[in-house]
Structures are given as C-alpha cells and as structure tokens.
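# Examining the three-dimensional arrangement
Spelled out from the first residue to the last, the chains are:
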Amino acid sequence: MKVRLALTVNGESREVLAPVHKTLLEVLREDLGLTGTKHGCELGECGTCTVLVDGEPVLSCLALPVAIEGRAITTIEGMAEGGELHPLQQAFAELGAAQCGYCTPGILLTAQALLDETPTPTRDEIKEALAGNLCRCTGYTKILDAVELASMRMGARK
Amino acid sequence: MNKHEFSIIGQPLPKVDAWAKVVGETRYADDLVMPRMAHGKLLRSTHPHALIKRIDTARAQAVPGVYAVITGADLPRVKFGILPVSQDEEALCNERVRMVGDAVAAVAAQDEETAEQACRLIDIEYEPLPALMSIEESLGHPEIRIHEYGDGPNVHKNVALQFGDVEAAFARADLVREDVFFYEGNTHLPMEQHAAVAQWGADGKLTLWSSTQTPHYVHRLLARILDVPAAHIRVIAAPVGGGFGGKLDPFAHEIAACKLSQLTGRPVKITLTREEVFYVHRGRHPVLMWLKTGFTREGEITGSHIKTWLDGGAYGSYGVASTFYTGVINPVTYRMPVYKFEGARVFTNKPPCGPKRGHGTPQPRFALEVQIDKAAEQLGLDPADMRRRIVCEPFTKTANHLTVTTIGLGECIDKVVEASGWREKWRGWQTGAPRRGPLRRGVGFACSAYMTGAGTAIYWNSMPHSGVVLRADRSGGISVLCGATDIGQGSDSILAYLPAEVLGLDPKDVHVPPADTTLTPVDLGSYSSRVTLMCGMAAIQAAQRLRAVIARAVARKLEVDAELLVFRDRKVGVPDDWEKAVPFPHAVELAEAMHGVLAFPGSYAPPKRAGKYKGGGVGPSPCYSYSACAVELTVDEETGEIELHDVWIGHDVGRALNPLLVEGQVEGSVYMGIGEALMEAQVFRKGLHKHPSMLEYKSPTTLETPEIHTILVETDDPEGPFGAKEAGQGPLLPVLPAIANAVYNAVGVRVDEVPISPEKVLKGLDLKRQGKTPRVGPERIPLFKFKEPLVVESAFGQPADAVAVRPFADQETSR
Amino acid sequence: MMRLPPFTYLAPKTVADAARLLGEHGADAMIVAGGTDLYPNMKRRQFEPKVLVGLGAISELRGVRGSASRGLSLGPMTTLTAVSQHAEVARHYPALATAAGLVSSPQLRNMGTIGGNVCVDTRCNYYNQSYEWRKAIGFCMKKDGDICLVAPGSSRCWAVSSSDTAPVLWSLGAHIRLTSADGERTVPIATLYRDDGIDYLAKRHDEILADIVLPPADGWRSRYLKLRRRGSFDFPVLGVAVNLRMDADVVSEARIVLGAVASLPREAKPAAESLRGQRLTEEAITRAADLAAGPAKPLDNTDYAHFYRKKMTRVFVARALRSLAGLDDGVDSTEAP
C-alpha cells in the first residue's frame, strides 16, 4: 500500500509516494536521492545509517517514515550550512577521521547530536555517545580526536 | 632533490577525498543509480555439500516484474579462481555446491523485493553429501572429496621447505621449546557490503562498476568467465567502503550482474546483504600451528621449525599464497640462521578463506612471539630486551633467501619501552600486580615485520606491477592516471602528494580519477601493502619525466642551466633569481610548445630477488616494515574478562609521507588486531556459519578500544618512494601476542589460541588453582604427512643484493 | 538490502482506539512500539503481520508521572533514553536507570521504549537468523518448524528472555496495566511472563501494555548488572537485578531476579530469603550468591558458553550485593568491567 508522506528533510518539505513498509533509509536513498546515508546491516546492528530526528540520533533502517512525519530529519547532506562545513566535518577531514568514509556520515551526525547537548564532552562521554557506531578502519582514535577538536573550536567561536 | 627539504612529504595534510567523504558526496557502488536499472539478487545454497539434481526457474520467471533468471547453465562452463593454480570456482554452481552460501542462481527484476521474492520461488533439488567442517574431518575422510585437484584428498596445498639443518641447530641450543597454537578464523567485516553495477551496452561492450580492491584482476577474469574479449570490458573501481582483503577476488554477484545485464539490456545492480558478505568471506584462515625453536642462554635463536595447517574452506582463492605466508615471513624479524617450514591447506565445506590484513602472517607471528615470551621466562630475560638483542641485521638475507633492507625495529622497541614505561610496569615473571579485588594488571610485549608489496604478481609476467600516466594541463593542473584503488587507506592522496612534491605544486592541483581499466594503466590492486610503494615509485618516475621536460623548456626561456631550476610554490625558477620564476601553468605551455602533449608514463616493478628455489616467489618484497608493541591491560580473575587500557606501538614506516595517514593505518591495524585477539571469530555449527550478523560477529566498539599511542620510526628505505615502507597491515601483527603475553603477565595463564575469551582465561585460572599447568590451547596436531622438504642452503647473513636494480627504473634520475 | 515485508500501518491516537483496532484485526495485527526489535525480526521474516498498530501517536502512553514517595508511573512508550536519564528514576530506582541505559546502543535507546523492552521477543541464536539461514539449518518450532535445535527432542522452545528492564521491574515489584477492548486489568509484572520461548507473555494478543507502575521506592536499594561481550549493541546473556530493603544495616526484604538465563526472568527466592534478617557480610553474600546460581539454567543458544553464564551468575549476584553493601572491590558496580 503506497502512502503519501510529508517529510521534513534537511529543512525542506518533501512529499513522497511510497509503500508504507519502506524504511526511512530506503526512502532517503531511493526516493529522495539522498545517498549520503549509508547502510551496513539494515538490522540496527552497526549504526551506519544514523540520521537525526528532531536532533536525536536514530537508525534510519528501523524507522518508518509514516511514524515520523512532521519531525525534522537531518541527513549528512544537511549538516553543512550552505557552503560552510560544520566544525565536525572540518575536523574529521583535517584529522583523517574518515578513512573509507562509509561509517562517517552516521558518526558525524551522532557526534553533532552530542555536541548540541554537551558542548564540551569528556573523551569517555564521546566514547559513550559513539558506542552505537561501528567503524572498521580507524580504531576510533582520530574520530575521538576530531570530535574533541571540533568541540574546542566551537567553544572558542562562541 | 634534497630529501630533507620536502614541502608536502611529511605534512599532516587532509586526504584529497576527505571533503567529499564528510559531506556524503562520495558515491560508493550501491549509491549508483542508472536509468532503467534492474536489481539483482543471488540465490544461495542451503546445503554445505550437495549435488544439484535439478533447478527449475519457471515459477520465478513467472513473477511479474522479473526480467531474467539465470543459472550456471546460462554462463560459459569455465572454472575460475584468482590464482592460476586454483581454478576451482563457478559463479553459479552447476553440479555441486560446497558450502552454505554458494551461489546457484540469479534474478534481475524491477526492484530488489521482487528479485528476492523470485529467488524464493526457484525450485532446487539437492542430493546432500557429507559435509566436512574441520581440518580433522577433511583429513579423516579421504573418501569424500570436496575437490578433485590438489596435493592429496582434501589437501589443497602441501609445502615443505628447509633452509639449513634444523636438528643440528636444536642440538646447539640451550633451550628448545615446542608449542602448539591455534588461531581462529575471522573476517574483514567492511562496513560497506559488496555491490556492483553492470551495464552491457548495445554496442556489445560491458562496463562494471564494483566495490573491488583489484579492478585489473576482475577485468582479466571477467573476460575468461564471460568469454568476451577483454578489450570489450571496462571495469571501474568505485570508492571502496572498507576492504581489508575482502574485496580482492572476482565474485559471483559481479559476474551475475554482467550476465543479467546482457540478457535484459538494462544496467543491473546487485548489492549483497550483510549475511552474504559473511559467505563471500576470503578472510583469515583458522590455522593450527606447531612451532619448535632453539634458543641460546642469551636468547639468540639457533633455528626454528614451524608446521601449519590451514582450514581453507571450500575454494582455493588466494590460499596457496596464504599457505606460504604462514611460513615465509617469520625469519625477517630476528636472527634465525636455520629455518624449516611445513604447511598444508585443507579444503572444508565452509566459506573460502583468503587474504585478510596481514595475509597468513598474523597466525605464525602469534605463535612465535608467544613462544619467545615463554622462552624469555625460562631464560630469565626481560622479553623486550631479549627481542632487542636478536633483531635481524639490515641489508642482509634471511635463511629463506629474503632480502631485508632497512630495519628500524631496534628503535621501535626502544621507543615503545620508553613510552609505555615498560621498565617500571614490567615487574619480572611473577604474576600481576594486584590492583583491587579480583582485578590484575599486566603488560605484554611483541614485535613483527611485514612486507611492502609482493615481489611477484598473481599471474606470471614481466610487465610493471604498477603504472601511472601523468598528464599536465595548460591550466597548470596535472592528472595522475593509475589503476590503484583507494579503499580508505589514502592511495589517491599519495598519488597526489608525490607528483605535487616533485613538481612544486599543491596536492589540490592534482586530479586523481578512479581506477578505470580503459583509462588508467594497470596497477595490480590494493593488497599486500604494495600501493604506496609501487604506485608511488611509478608516480615519482612519471613526475620526474615531466619535470625534466618542463625544466628544459623553462631553462631555455630563462637562459639558465636546467640543473639549477627549482620547482616550488607553483613556480619554476632559479632560487637566486626567484622573481623571474615562471608560474607553473606558463611553464607547462612552454614545455608543451617544445615537446608536444605532456603525458608521461611511470612504471614500477619490484627488484627481481625471488629465491632460486620452487616456492621462492612468495615472500620477497622490496622492503619490510617493522613494529614493536606493548599492551597494558587488566584481567578480572572472577570473570576472566580483559580490559585493555593502552596500546603503544612503534612502527618503522621508512618515511611517513603523511604522518596523519600513517597513524590512521597503524591505529586501524591495532584495532583489528584487538578484535581478533579478544572477540572476533568466524565459527560454524551444524554446517552453517553460526552467526552471520553484525550483532553476533563481535566487532569492538569505542568502549572496547583502548587508547592507541603510535610512534613512527623513519629509516628512509632506499627501495621506497622518498624512503617510505608500508603501514597498513604490519602493525596488526604484534597486537595479538602482546595481549596474550600481557594476560600471562597479569594472571599467569597462557592462552595459546585466539580469540582469548573470558571462558578460556577462567579455564586457565581453574587449572592454576588445581595446581595444573595453567595453559589453554590446542593439545594435539593432526596425523599428517608433509611433503619431503625441499632442502636449500640457508642464505642467512649474506649481504643484500644491490638495491634499486629494478626493471623500468630510470638509472640516470635519482629519486 | 534487508527489507520489511508489506503491511498496513495504523496509527491510533488513543489507547482505546488501539485496543479496538487490535480487537478488529485479531491475529493479523501486531503492536509496534519503537520497532527496534520487531522490524529486524520482520526483515528476517520471523513475523509477517498484515497490520501493524503503531503506538507512537498515543501521547497518554508517553512520559513518567508520579513520585518516588508515592510510586512512579512509566508510560510504556517512554524511550529507554528518557527512562535512563529521568532524575527521579536514577535517584530512587537506580537499577532501572542502569538497565534502561544498557539496552543495545544509544540510537536504539532513543527509538526503543520501556514497554517494548518489557515485551521484547525471546531470543535464540538458532532463531534470530534470516529466512534463508533458518531454512538451511531446518526451521525450528518458534517459527516455521516443529523441532528445537538447541535441545533436540525437547517439546518446548528454549528461546531466552533478553530484556534488561524486565528482571529489574520484577525485582522492584512493578505492576502493569493491560488494556483491551473488553476492559483492563492490573497485575504484578512477574505474572506477565511464561516459561515458554514461544508463548512467553501472559498478555493476550489484543491487550496493550498501557502502564508500568512502580511501588514507592522508600527504603529500597537496587542494582542491575549485565553480562555481555561488548559494552554496546549486545543483548544481555545474563542480567542480575537485586532490590533490597534495609533496616539500618540489616536486610528486611530482598528480591533477586535473573535475566537472560531462561525463557522468562527467574526469581531467585531462596537466595533472597537467605538474606532476610542478615547483615550483608561476606559470608551472607557468598551464601546468597551460591543459592542464586541455582535457578540459572542457561542453554547454548546465546553468546558466551552456557557454563560460563551459569558461573557468572554467582559472581554477578555477589557483586551486586557487595555493591549494595558498600563493599568496594574495585569492580564497577554499574556493569561488569
């Protein structure tokens, strides 16, 4: 059964006609062309497909669009403001926190939610916040460093 | 060029593709969408071993929205495999399936759901055969043959090499140890599931976009498998979302996508599910090892003898190479004057094993480094000091005729000892300092070495291993065309940095398009830690050729000697008269006017240093990286749980072309080693993978990963580009034995097999409490007859052959 | 890509509407709360409901009401994150905050609900597999087959209760309110669970978990310890919930409930009894821990060897009690180190 979905994605209103059983992950990638959201298992076991819903990290592979109509969905494509990268994106690029880059969108969004709530997290708090995002390339070291760097820069900017 | 005045080399620059990756622009294979594209799905065997009696696709064909259904009968009857000696795979099995997960049919449909639904409607009748699920079962049932070829019933490969008289070496020793070890199999688990899009054009030409680490080998094999001229096939490597060796073979989904595209006249995409990725596998071999080594009182090794049994799974894959690798790399670390290696790879009805980060070498490294620790205790030596004392001599040959060049292991050990506080933390051979309650602290040490690129190609040939075409544009930009694939390690960045260094440009001025077999010269692929060295050398050569032509043109314009010209800051000029320096775009125009189109090739092939004996082709490498590792951890004596606190790792990378990228490779290697040491295991039950999922295949999260302290050591190797050696695999190796040795240091329990699970630690503690030997590990080795060894004289200690005598090298231009 | 099977999605705004819809659709319908357990199961074809009744739009099911002195009411649709971070819960029912905060991963705690975790499907590593995998090994009685693969010859299913919060709520003496089109009933949460891996809930198909009620916290002290391989993602393969009422330094009442060692949470009554009237000495703790390990009957169908899980039951019960006794042994009291 197809339904008309009114979604708010990266600040834009988007209408999609899609079967109700399509997950947010599938709708973002296949109906809205937002392929920046990746997938690693589609069962909630890896964190790769993380997006923000009303600023909270959730797994798009287990979210039904029909259940989140009207809520603000943020994907990696919506993280930079205009041409200006989010400090996290800048720090991830500068410190080599993205190797293959496949887990990067999910981790960036999860980190953004953390910094929005806790602007100067400890390293342990960062580890806790990112404990639901697997990365096979980096050993997390540069990812944690980059979140710390972004946090520092954002604090200095205020 | 004075190599201490680099402008780009040694700088912690962002990777050239970093920006695309942090905004989600990078288009991986599954992100590709084409007009009229169909979606494919493979039907896989539900039997570990069975004859296929009948396949009926009628019900699947009838599903609305299904475009095509194929079986093995629709493909040319040809068996293939990545190694010429192991041609044993079929994209879609015809008569027989050899594992749960073997592909037997494929469907293309208007969407993935329809394809999946149709797959379930394919009727297959199997006649089950007994499944052989372990080395013991396969050797114990010669009457059941998984393959007809090989070195014996279910024995894929049987090798035996001997360099010098090991028995005499043992007789000379003050201490001879014999130990048995087991290393459980595990898998790469790239975050990206394999995906491929094939488009067979109306012109009869085929294009394949795939998440592959080796577009060249896929290209070659597709031609044979599909019976199409290679000239009509184009393979484009999509950015790879994690490889680690898991995307190095041609796979059924790639082949099926091509065939389905031909039949439907549509582009066809097939993306594997996570479960399928576990079946595709080609990961770490489970290896049972017996190791006997002689030591003098001072800790010198008199000789070493290793026997390895590899559980290969259902197909050959890279297995012959893997088998050799369990034997040939151990001698490049420590002085080991006499050496014997016997190895056998056994077929079983499980997903085939192959190359995973460290390919075949982490297993014997684990054995050797734990055994050295045991020997050090018996000899009353500090295990770090003992290793420091027996490091190989640089620029010599090993017993098995491998040439080693620079060796920074001594410095790695010194720096790790210092950084880790080893002198204070290691309190001798009594067990762990009590921390609090049941918690015991321990430290462990281990070292390793790894190759920087294989000295020989997968298929025998005399052509370059890596090629670059460098084209200068009138804009002042240059394009570096190379068949290397960036799997996250940063090879595209290296291909930008090195020419930029030679030509005085900014890496941003360098364009590195993706590997594309119609556009880019062959690079063999992202494996065996070969890319930075081989592509790097080819890129430098091409850049130097361009530089020479530009220099000639600018010299004429400025009326100076070309030798005096310097390339920097996007200008070419004489340092003393820099205001007259010519901007690079203008320099290109001058050169193009003089020379014609500016496109220069660079070629690299490793020095020909294979040992002059059968089997001598596996192991040689232009140079070897070295690592030393210390680990600090806590063991909970009541639960057996291990908490890692810190890992210190010193890595001899020759030269850090970009320290940020090198650190990233080291940290990632350490991480993967931790996973293998503590929790990752690819295990089977009742003929099936026990848990083909991200949830139950345990990959460490941020919470299990300790702080990793990386120390880079530079030795400026004459074989490497600006002196660089590898960093992407070697640092994994010492992590596992360092952890095992630290567990012993903490609680006095030897766990001689990985993963070192809490159950095993507790079992060891129980044995200790009962007054028994507190060791957990394999007790027996199989009854198995290795080949008569090929006996070769040890080359130990001989001076290295001349360096830099390589095919295709420009002798007149120094690096 | 793993995809969901087709279904019709209904989003009632009130519990009454939801109850009516469940009654109308009968066995064709399933309730979905956060979906973090149901959707993976549906993707693997453990369930293929024709109708899903989503509770996300029912505001009366969300939020925490009341106070620790009079008792708290937890709306079943309150997310696990919200439960774990709720100040009153964290202060007065610390074991519940701990358990909710240890479920799966941060993302799944933002999506998953306390009600969903209470009702979470039992697990077995022969069952939580794809359709193709289950077909290959032979379908089991929990779905599509009639045998048990972990205990061949068994006539029942041994799938494991894998909720973190259920043993804690049981130990806290929580009650639940179940609502259906026919009316409602409030029962102790202990009666919600049945010792059967398939039919593991005593909740009728048409009943909705409408409320979780905690008794006043006064004088009770609680702990929850969880065994699993990783600090994130993993389900419990042993959970130990301990709730003690102390009279000065003497235990006046005690409840110990084990999770993930059977098809339902297991109360260790003799262990709890042994503590009554005792000070929490090393001897009393050891005795109780030994007694608690009795009811743990893990089988080989989760991560970690079953003998190890059994062994850890004793260790974890002792650790929870030591933590409550203030006996610091260096081991983190909120989770296994």
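Below, the structure is looked at part by part.

Basis of the calculations
- Residues numbered from 1 in each chain as written.
- Chains lettered and ligands numbered in written order.
- Predicted model: local features only at pLDDT ≥ 70, side-chain atom pairs only at ≥ 80, totals over all residues.
- Heavy atoms only, no water.
- Helix = DSSP H or I, 4+ residues; strand = E, 2+ residues; numbered from the N terminus.
- Rg over C-alpha atoms; globule rule 2.2 N^0.38 Å.
- Buried < 20%, exposed > 50% of the residue type's maximum accessible area, 1.4 Å probe, protein only.
- Contact = heavy atoms within 4.5 Å.
- Areas by Shrake-Rupley, 256 points an atom, 1.4 Å probe, with all protein chains shown as cover.
- Pairing = 2+ DSSP bridges.
- Axes fitted to C-alpha atoms, helices over the stretch in contact; angles between N-to-C directions.
- Buried area = accessible area lost by both parts, 1.4 Å probe.
- Salt bridge = Lys/Arg side-chain N within 4 Å of Asp/Glu carboxyl O.
- Polar contact = N/O pair within 3.5 Å; in protein donor to acceptor, adjacent residues only side chain to side chain.
- Nonpolar A, V, L, I, M, F, W, Y, C, P; charged D, E, K, R; others polar.

Per the secondary structure count, chain B includes 19 helices and 34 strands. Computed over C-alpha atoms, the radius of gyration of chain B comes to 27 Å, within 12% of the 28 Å expected from 2.2 N^0.38 for 815 residues, which places it in the range of a compact globule. Taken over the C-alpha atoms alone, chain B extends approximately 85 × 75 × 55 Å along its principal axes. The buried share of chain B, reckoned over its 815 residues, is 70%. Taking all contacts inside chain B whose residues are at least 6 apart in sequence as the whole, residues at least 24 apart take part in 80%. Accessible surface, chain B: about 25,600 Å² in total, of which carbon and sulfur atoms supply 51%.

Right, let's talk about the sheet that holds strand β1 (residues 8-10) of chain C for a bit. Residue and element names in this part refer to chain C. The parallel open sheet is built from 3 strands, whose spatial order is β1-β3-β2. Each edge of the sheet is formed by a strand with only one pairing partner; in this case those strands are β1 and β2 (29-32). Strand-to-strand twist of the sheet, defined as the mean angle between neighbouring strand axes without regard to direction, takes the value 25 degrees. Relative to strand β3 (residues 51-54), β2 runs parallel, the two being bridged by 4 bridges. Directly across from V32, in β3, lies its bridge partner G54.

This part takes up the interface of chain A and chain B. Between chain A and chain B, the residue contacts involve 44 residues of the former and 50 residues of the latter. Of the roughly 3,900 Å² buried between chain A and chain B on both sides combined, carbon and sulfur atoms contribute 56%. Joining chain A to chain B, the criterion identifies 8 salt bridges. Taking the shortest distance from any N to any O, the salt bridge between K127(A) and E707(B) comes out at 3.4 Å. Counting across the chain A and chain B interface gives 32 residue pairs in polar contact (both at pLDDT 80 or more). At the level of elements, α2 (87-95), α3 (104-117), α4 (123-129) and α5 (141-157) of chain A are the ones that each hand at least two residues to the side of chain A that touches chain B. Residue contributions to the side of chain A that touches chain B peak at 6 residues, all from α2(A). Classifying every residue of the side of chain A that touches chain B gives 18 nonpolar, 15 polar and 11 charged.

Residue and element names in this part refer to chain B. Of note, T214 is situated in the loop between β10 (206-210) and α6 (215-226). Given a relative accessible area of 0%, T214 falls into the buried group. Looking at T214, its side chain comes within polar contact range of the main-chain oxygen of L524, at 3.0 Å. Ignoring sequence-local partners within four residues, the contact set of T214 consists of K247, L248, Y318, L524 and G525.

Here the focus is the sheet that holds strand β10 (residues 238-247) of chain C. All names here are of chain C. Pairing is antiparallel across the open sheet formed by 4 strands, whose spatial order is β9-β10-β11-β12. Edge positions in the sheet fall to β9 (220-227) and β12 (266-267), since each of these pairs with one other strand and no more. Of the strand pairs in this sheet, strand β11 (residues 250-259) and β12 are connected by 2 bridges, and their pairing is antiparallel. Across the sheet, residue V257 finds its bridge partner in β12, namely E267. Running over the sheet, helix α9 (residues 165-172) touches β9, β10, β11 and β12 and is turned about 155 degrees from β11.

By themselves these figures say nothing about function.
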